[in-house]
Amino acid sequence: MALHNSEIADRFDRLADLLEIEGANPFRVRAYRNAARTVRGYPRSMADLLADDVDLTELPDIGDDLAKKIEGLVSNGELPLLDEVEERTPPALSELMKIQGLGAKRVRALHEAINIETLEDLRAAVESGQVRAVEGFGEKSEDKIRRRLKKFSGKDERIKLSEAEQIAAPLVKYLEKANGLKEIVVAGSFRRRKETVGDLDILITAKTKNNVMEHFTSYEDIEEVASRGETRSTVYLRCGMQVDLRVVPQVSFGSAQHYFTGSKDHNIAVRKLGIKKGYKINEYGVFEGDKRIAGETEKSVYASVDLPLIPPELRENRGELEAARENQLPDLVRLEDLRGNLHTHTDATDGRNSLKSMAAAAAEFGLEYLAITDHSKHLKVAHGLDEKRLKQQLQAIDKLNDELSGIRLLKSIEVDILQDGKLDLADSVLEQLDLVLCAVHHKFDLSKQKQTERILRAMDSPHCHILAHPSGRLINRREAYDIDLEKILEAAAARSCAVELNAQPDRLDLTDEGCRMARELGVKVSIAADAHSARGFDTLRFGVDQARRGWLEADDVLNTRPLKALLEILKR
DNA sequence: GCCGTTTTCGGCCCGACTGTTTTCAGTCG
């Protein structure tokens with residue numbers, strides 16, 4: 001089985017670390033890191049690209065040499081240069097660089113001075129006070145390393161966007177009380193609405209910045225103030241979250257927002273455009289020589305390099321700069337464009353509230369229609385509906401539709417896709433419904449080929465309107481099942497089947513890249529709350545965030561249609 | 001090692017903070 005993109009990227013990153021420790025040309029090191037980022041973020045696997053005879057040097061930051069190395073890794077999993085480097089430099093040194101405050105130079109110093117090779121070596125050296133004796137280190141460095149070692153788990157921890165919101169909200173509320181504060185924005189991946197967030201980057205403009213810093217570092221949830229300066233401070237909260245606060249003057253607000261929103265790749269690309277025009281772009285503004293020519297608003301920063309404002313969700317250097325230059329930026333879908341929700345559970349299966357209260361909550365939320373999609377009989381753990389109970393529900397829906405005004409309930413079901421790709425209910429049952437949602441809920445571990453075929457077979461059913469949560473992943477909890485998403489989306493396009501973007505914050509399934517692929521293939525996407533309670537419609541906004549990251553416009557989204565148009569589409 | 005609207009060589013984003021050293025390298029975002 002060929003290496004995944006992430007595995008190839010990890011190899012390049014490790015190689016970069018070890019080369020850096022050895023003191024290699026820093027630009028060569030950067031080249032490997034850039035390549036790692038390109039490969040890791042690429043929507044298709046390197047193996048697939050090679051199978052399709054794609055020239056890898058067409059990918060950004062991949063030249064002849066790295067293309068050959070990727071080919072080697074795909075064909076036999078080998079990267080001879082890495083083996084060579086690991087012969088002379090202990091591989092575990094690359095792990096040490098993950099400790100905050102330890103970079104290549106200091107890791108090397110520790111290795112040369114007191115023969116540190118592993119995390120265990122480092123722990124022992126810290127405890128015996130050897131580290132402080134190494135040149136360039138001291139007592140404070142040793143203490144810091146000790147604290148970081150205690151918390152270090154080995155993997156980089158990113159939390160779900162929804163959880164980050166819960167941490168950010170009270171902090172922002174607290175910061176707003178600071179004297180002299182003018183504007184505050186949570187930037188970084190939080191503002192780009194990425195599905196997971198690593199740390200919080202908060203940007204403030206203020207008259208008297210010292211008061212703001214003082215106020216910030218006095219926040220009660222802070223466990224440690226890692227650094228504190230005039231314009232920038234870094235703290236760790238008790239929950240482990242790192243928070244960076246930057247204070248800039250009002251005239252720099254736009255360029256600072258742009259800079260701290262990122263992504264890093266996007267910023268670098270914009271700066272390069274600036275350089276071409278003879279400008280220097282930093283967090284304080286756009287400068288021609290010493291003269292500030294832009295920076296109070298983000299719009300002015302983009303305008304300085306002849307671009308329209310690019311929405312934060314698109315700033316990943318995945319083609320948005322090129323699209324902006326050609327005036328081809330998508331007009332991204334908004335929450336208010338959604339007219340209905342096509343994935344809803346009631347207390348008939350694993351939902352918490354009754355049909356009636358779900359309908360009332362949806363109407364209250366402003367929706368025009370609501371598909372009731374309880375589970376089917378195979379999903380016993382959710383008390384899935386059999387033919388008889390489904391019939392009862394359909395009658396209840398008819399009755400309720402007669403009583404309700406302002407919202408229409410659609411008769412539907414989330415029918416299980418069985419292991420062989422058949423659906424859990426007979427055609428004669430499904431054909432009575434307005435809408436059928438198909439989903440995989442068991443046998444997650446089939447091979448890629450079998451899992452893909454299973455889903456393709458399900459989509460062959462004339463009744464399958466929407467493929468729900470296509471990959472089955474749960475962020476930070478369960479990997480996606482192994483599927484060929486491109487094949488599935490191509491099949492969906494051919495059958496006029498839609499795919500779901502499940503808006504649950506721990507699903508967000510499709511991914512942003514998946515949305516983009518769907519759009520390019522002409523597959524409509526249903527942004528669905530998968531509501532299990534009357535309060536469950538609020539998750540739609542996370543779905544919209546993800547859809548925006550996936551370049552979706554209102555027209556790409558199935559449930560932006562008015563009811564009449566939707567019903568037309570469902571007839572097919 | 002990559003890259004090119006100054007293109008096959010000579011650049012490669014830019015600034016803040018810390019700790020150790022004593023004028024700045026290392027690290028980070």
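Residues numbered from 1 in each chain as written. Chains lettered and ligands numbered in written order. Predicted model: local features only at pLDDT ≥ 70, side-chain atom pairs only at ≥ 80, totals over all residues. Heavy atoms only, no water.

Undergrad: Which residues make up the packing of aromatic side chains, and what are the values?
TA: Across all of its chains, the model carries 5 aromatic pairs by this definition. Centroid distance Phe365 to Phe537: 6.2 Å. Interplanar angle 40°. Geometry classified as tilted. Remark: Phe537 occurs in the loop between β17 (525-528) and α23 (540-549) and Phe365 occurs in helix α17 (residues 355-365); sequence separation between them is 172 residues. Note on Phe365: relative accessible area 35%, which makes it partly exposed. Assessed through its relative accessible area of 2%, Phe537 is described here as buried. Ring centres of Phe444 and Tyr481 lie 5.6 Å apart, and the angle between their planes is 20°; on these two criteria the pair is classed as stacked. (Phe/Tyr/Trp six-rings, centres within 6.5 Å; stacked < 30°, edge-to-face > 60°. Helix = DSSP H or I, 4+ residues; strand = E, 2+ residues; numbered from the N terminus. Buried < 20%, exposed > 50% of the residue type's maximum accessible area, 1.4 Å probe, protein only.)

Undergrad: Describe in detail the pattern of salt bridges, supporting the description with residues and values.
TA: Enumeration over the complete set of coordinates arrives at 52 salt bridges. Of the charged contacts, one joins Arg271 and Glu283 as a salt bridge, the two residues approaching to 3.9 Å between their closest N and O atoms. Separated by 12 residues along the polypeptide, Arg271 in helix α14 (residues 264-276) and Glu283 in the loop between β8 (280-282) and β9 (285-288) bring together distant segments of the chain. Looking at Arg271, the relative accessible area reads 26%, which means it is partly exposed. For Glu283, a relative accessible area of 14% gives the class buried. Note that Arg495 and Asp460 form a salt bridge whose closest N and O atoms lie 2.6 Å from each other. (Salt bridge = Lys/Arg side-chain N within 4 Å of Asp/Glu carboxyl O.)

Undergrad: An account of unusual backbone geometry is requested, with residue identities and associated values reported.
TA: For the bond running from Gly262 to Ser263, omega is -5°, close enough to zero to count as cis. Mapped onto the secondary structure, Ser263 falls in the loop between α13 (253-261) and α14. Along the chain, Asp509 connects to Leu510 via a cis peptide bond; the corresponding omega equals 15°. Along the polypeptide, Leu510 turns up in the loop between β16 (498-502) and α22 (512-521). Phi at Asn317 is positive, roughly 55°, even though this residue is not glycine. Assignment of secondary structure puts Asn317 in the loop between α15 (298-304) and α16 (320-325). Judged by relative accessible area, Asn317 falls into the partly exposed class, the value being 34%. Within the chain, Leu508 stands out as a residue other than glycine whose phi angle is a positive 40°.

Undergrad: Any chance you could break down the protein's contact with DNA strand B for me, citing the residues and the numbers?
TA: Taken together, 49 residues surround DNA strand B, and among them Arg30, Arg106, Gly138, Arg228 and Arg271 come closest. Arg228 has a polar backbone atom sitting 2.6 Å from a phosphate oxygen of DNA strand B. Taking Lys280, its side chain carries an N or O atom lying 3.1 Å from a phosphate oxygen of DNA strand B. Secondary structure elements with two or more residues in the surface near DNA strand B: α2 (26-41), α4 (64-76), α7 (104-114), α9 (139-151), β5 (222-228), β7 (242-248), α14 and β8. Sort the elements by how many residues they give to the surface near DNA strand B and α2 lands first, with 5 residues. A per-class count over the surface near DNA strand B returns 15 nonpolar, 13 polar and 21 charged. (Near = heavy atom within 4 Å. Polar contact = N/O pair within 3.5 Å; in protein donor to acceptor, adjacent residues only side chain to side chain. Nonpolar A, V, L, I, M, F, W, Y, C, P; charged D, E, K, R; others polar.)

Undergrad: Can you break down the environment of Glu86 residue by residue, with the values?
TA: One can find Glu86 in helix α5 (residues 80-88). Between the C-alpha atoms of Glu86 and Leu335, which are 249 residues apart in sequence, the distance is 51 Å. Look past the residues within four positions of Glu86 in its chain and what remains in contact with it is Arg14, Leu18 and Pro91. (Contact = heavy atoms within 4.5 Å.)

Undergrad: Talk me through the nonpolar core; I want residue IDs and the actual numbers.
TA: In this structure, Leu390, Leu409, Ile455, Met459, Val499, Ile527 and Phe537 are the most contacted members of the largest nonpolar core, which totals 58 residues. Apart from the residues lying within four places of it in its own chain, the contact partners of Ile527 are Leu338, Asn341, Leu501, Leu540, Gly543, Val544, Ala547, Val557 and Asn559. In terms of nonpolar packing, the next biggest core, distinct from the first, is built from 48 residues, Ala9, Val74, Met97 and Ile116 among them. (Core = buried A, V, L, I, M, F, W, Y, C linked by side-chain atoms within 4.5 Å.)

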